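For reference, the chains in residue letters:
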Amino acid sequence: MPSVSIGINLPTYPDLVAIPGYPVYYAPQLNANFFFYDGMYWIYQDDYWYSSIWYNGPWDRVDPEYVPVFILRIPVYYYRQPPAYFYGWRPDAPPHWGDHWGREWEQRRKGWDRWIRGTAPAPAPLPAYQRQYTNEYYPQRIEQQQELLQKNYRYWPHDPAVRQRYQQLVPKPQGRDENPQE
């Protein structure tokens, strides 16, 4: 998973707010489609999804078929920089990803937009320890980020799509519980 620069350069940890009824946070003060879900940060920019274990990257591009369903379900209203094709869509409903990515994608991701409200999992705890790593103190090397995350963040993802990405980035320590909280 090669890391890419997507032009996001946050000087400090962003203020994240829970989206009511969803296990997802968003950054209302950023001029970006910036989310946090199940232990990872997610950005939708220039028609691509990206993920990272740290708030300022490095970012890995995520193909549409591997984006977690709760990220896909985020209502249009919470996109701070919605693409032009979102225009006219209901703000309290998710984007029309099937219309955008096509019939083949829709067939592979059947049911992504259907769920029983009130059955969403609890949001993952925010990795608040990252607040102390700003500007010149931000760990640039992925090895540093992995080490700090393993030392300070005890959460392990529940969503299978997130867990797969997370395991590629963060080796699971021996004896780590599958369901610990921070």
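Let us look at the environment of L30. Relative to the helices and strands, L30 is located in the loop between β3 (24–26) and β4 (33–37). On a C-alpha basis, the gap between L30 and A122 in space is 24 Å, while along the polypeptide they are 92 residues apart. If near-sequence neighbours (up to four positions away) are discounted, L30 is found in contact with L10, P14 and R80.

Here the focus is unusual backbone geometry. Cis geometry marks the peptide bond from G57 to P58; its omega dihedral reads 15 degrees. For P58, the location among the structural elements is in the loop between β6 (48–52) and β7 (59–62). Its identity is not glycine, yet D46 carries a phi of approximately 50 degrees, on the positive side. The exposure class of D46 is exposed, given its relative accessible area of 63%. Of note, the phi angle at D47 is positive, near 70 degrees, even though the residue is not glycine. Residue position: D47 is located in the loop between β5 (40–45) and β6. Relative accessible area serves as the criterion here: at 35%, D47 is assigned to the partly exposed category.

Rules and cut-offs
- Residues numbered from 1 in each chain as written.
- Predicted model: local features only at pLDDT ≥ 70, side-chain atom pairs only at ≥ 80, totals over all residues.
- Heavy atoms only, no water.
- Helix = DSSP H or I, 4+ residues; strand = E, 2+ residues; numbered from the N terminus.
- Contact = heavy atoms within 4.5 Å.
- Buried < 20%, exposed > 50% of the residue type's maximum accessible area, 1.4 Å probe, protein only.

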